[in-house]
Amino acid sequence: MLRPRGPLLALVGLTLLLGATGSAEAQLRDDLRLGGYYLGVGSGYLEGPFTPSGASLFQRVRLMMSPDLGPLRTDVAYEQALNLVTDPLLGLTPGLGEVQTGIEWLPLQWTISEGDYASWRHRFDRLLVGVPLGGAAELTVGRQAISWANNLIFTPTDPWAPFDPAEPFREFRAGSDAVRVQGFTGPFTELDFVLRPADTSDGTTITALGRISTATGPWDVSAWGGVLHDEGAATVAATLTARGFAFRGEGQLRWPDDVLRLSIGVDRSLPLAGRDLYVVLEYQRDGYGATDPADYPAVFLSDPYQRGEMQVIGRNEIALQGSWQATPLIITDLLTVWNVNDGSFLLSPAATYSVSNEVYVRSGLFFGIGANTLTVPSPLPLPEAPEIRLPGSEYGIVPTSLYVSLSAFF
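Starting afresh in each chain, residues are numbered from 1 along the sequence in its written order. Where totals are concerned, whole chains, interfaces and linings use all residues; where local detail is concerned, this predicted model gives features only for residues with pLDDT of at least 70, and gives and counts side-chain atom pairs only at 80 or more. Side-chain descriptors were evaluated using all non-hydrogen atoms of the structure, hydrogens and water having been removed beforehand.

## Quick look at the overall build of the chain
Operational definition: Helix numbering and strand numbering both begin at the N terminus, where a helix is a DSSP run of H or I of at least 4 residues and a strand a DSSP run of E of at least 2. Each residue gets one of three labels from its accessible area relative to the maximum for its type: buried under 20%, exposed over 50%, partly exposed in between, using a 1.4 Å probe on protein chains only. Note on contacts: a residue pair qualifies if any of its non-hydrogen atoms lie within 4.5 Å across the two residues. Note that accessible areas follow from Shrake-Rupley with a 1.4 Å probe, and for residues the cover is restricted to the protein chains shown.
Across its full length, the chain carries four helices and 21 strands. Within the chain, the proportion of its 410 residues that are buried is 43%. For the chain, the proportion of contacts with a sequence separation of at least 24, taken over those separated by at least 6, is 55%. Within the structure as shown, the chain displays about 20000 Å² of accessible surface, and the carbon and sulfur contribution to it stands at 63%.

## Points about the packing of aromatic side chains
The geometry of an aromatic ring pair comes down to the distance between the two centres and the angle between the two planes. The criterion, for reference: When the centres of two rings from Phe, Tyr and Trp lie within 6.5 Å, Trp using its six-membered ring, the rings pair. Their planes under 30 degrees apart give stacked, over 60 give edge-to-face, and anything left gives tilted. Criterion for a charge above a ring: Arg CZ or Lys NZ at most 6 Å from the ring centre, at most 35 degrees from the ring normal.
A full pass over the atoms with the stated rule returns eleven aromatic pairs. When the centroid spacing of 6.1 Å and the interplanar angle of 70 degrees are considered together, the rings of phenylalanine 169 and tyrosine 403 count as edge-to-face. One end of the pair, phenylalanine 169, is in the loop between β6 (137-144) and β7 (176-186); the other, tyrosine 403, is in strand β21 (residues 401-409), with 234 residues separating them in the sequence. Ring pairing ties together the aromatic residues Tyr37, Phe172 and Phe409, which thus form one cluster. One Lys or Arg, arginine 62, reaches over the ring of phenylalanine 172 and ends 4.1 Å from the middle of that ring. The ring of phenylalanine 50 is capped by arginine 389, whose NZ or CZ atom sits 5.1 Å from the centre of that ring.

## Brief notes about the pairing of strand β1 (residues 35-45)
In regular strands, side chains alternate between the two faces of the sheet. Spelled out, the test is: In this analysis, strands are considered paired if DSSP registers two or more bridges between them.
Sheet topology note: the β1/strand β2 (residues 54-65) ladder contains eleven bridges and is antiparallel. Bridge assignment links tyrosine 45 to a residue of β2, and that residue is glycine 54. With nine bridges joining them, β1 and β21 adopt antiparallel strand pairing. Bridge assignment links tyrosine 37 to a residue of β21, and that residue is phenylalanine 409.

## A short note on the pattern of salt bridges
Stated formally: Salt bridge criterion: a side-chain nitrogen from Lys or Arg within 4 Å of a carboxyl oxygen from Asp or Glu.
Taken as a whole and judged by the stated rule, the model has 17 salt bridges. Across the salt bridge formed by glutamate 79 and arginine 60, the nearest N and O atoms sit 2.8 Å from each other. Here the residue glutamate 79 occupies a position in strand β3 (residues 73-85), and arginine 60 occupies one in strand β2, the gap between them amounting to 19 residues. Grouping residues by exposure puts glutamate 79 and arginine 60 together as buried.

## Looking at the side chain of threonine 189
Defined as follows: We call two N or O atoms a polar contact when they sit within 3.5 Å, provided that within protein one can donate a hydrogen and the other can accept it, with sequence-adjacent residues counted only if both atoms are side-chain atoms.
Summarising the element assignment, threonine 189 is placed in strand β8 (residues 189-200). Threonine 189 gets classed as buried once you look at its relative accessible area, which sits at 18%. A distance of 2.9 Å separates a polar atom in the side chain of threonine 189 from a polar atom in the side chain of threonine 214. Aside from chain neighbours lying at most four places away, what touches threonine 189 is Gly183, Phe184, Ile212, Ser213 and Thr214.

## Looking at the nonpolar core
Formally: What makes a nonpolar core is a set of buried Ala, Val, Leu, Ile, Met, Phe, Trp, Tyr and Cys residues whose side-chain atoms join them at distances within 4.5 Å.
Counting residues in hydrophobic clusters, the biggest one holds 20 residues, and the most contacted among them are Phe154, Val337, Leu346 and Tyr403. Only β1, β16 (330-339) and β17 (345-354) provide two or more residues apiece to this core. The biggest single contributor to this core is β1, with three residues. Beyond its immediate stretch of four places on either side in the chain, phenylalanine 154 contacts Pro165, Glu250, Ser263, Glu282, Tyr283, Gln284, Gln311, Val312, Glu317, Ile318, Ala319 and Val337.

## Some remarks on unusual backbone geometry
Between tryptophan 255 and proline 256 the backbone carries a cis peptide bond, its omega angle lying at 15 degrees. One non-glycine residue, arginine 243, adopts positive backbone phi at about 55 degrees. For arginine 243, the position within the fold is in the loop between β11 (231-242) and β12 (245-255). The exposed category is assigned to arginine 243, whose relative accessible area is 79%.

## Regarding the side chain of arginine 180
Looking at the secondary structure, you find arginine 180 in strand β7. Among the polar contacts listed, one links the side chain of arginine 180 to the side chain of aspartate 192, at a separation of 2.6 Å. If we ignore the near neighbours within four places in the chain, the residues touching arginine 180 are Glu138, Leu139, Thr140, Gln144, Ala145, Ile146, Trp148, Glu190, Asp192, Phe193 and Val194.

Dropping the structure here:
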């Protein structure tokens, strides 16, 4: 039997308190700056090369508050996530809409219950205090959202918590446990320093990075450097806005591995049938990625992948995304990601219907095209050792799936 404990009891108590009286609820919401978010995603899967057919139900509830404590800025977000599957072989890995976790240093996440068919977890995704340092600087301590991304889909220079390119639910970025100092030397120039310990498979690592960003005319330029997970790293990024286009580029150099990671892209809004069509095209070359499917297992086991730094596993990839407002209440979009090296594609059409300003229904499809499996000889020196089946391509192993979701803000 699943039994609530800890923060769950506090959440239930606060919910009962909010429902006591209408006026008290309104006053308390104002004092705490209280809000919430619910996401439910039901998915059905056809049989894939490595997974059976089946279905899953993922539900996520988030309670957010930022109470006023005088000069201090606070932000708290508590979440529960329940994942149900019809077949244990589908796995209980993070599903669509779940905040990606794994290397947080602070012990702010727990498992309520876990079995073959269900996983129920809870965590604090935000728990921070901001202290003003004069009129143009702030110190922030705790679990907080940080983004240094420049591009829109492939973001190799964002060292914090990059989104999966195919993730359709991006309302909240995962929090990182860090000490951060931000300062503004002018209306368009920002200095940023972040110190972050992380609990990785190799033990605790330290990230200490300094960044400067500025805007001048049609240009937005940034650069950062320092220590990333105990290794050297430096990046540059820029965006040029001209003639209705936004041209973006970012690059990262890592040492002692001497790995170069870069992404370039262009995006623009275009008129289509009297409404806006927004198109994004990006290319990424990631030195940590593989050019041969036989090397994919090594990528899965690599430190950058395990730490959540890699969004894709191919060396060269192209993404094209288009979003079109079909009606005032319906937005349609199509994402395709192409692994240039193994020739596989991921197609994901979807549509979102706005029930109200706070409630949305979305439905989408994931469809992979490419080689399913790759058979290699067993490494065991035995005459009858079985052969090993490996992924034949990055997206060819993705099972065809359909999802329907309901998201609500309250």
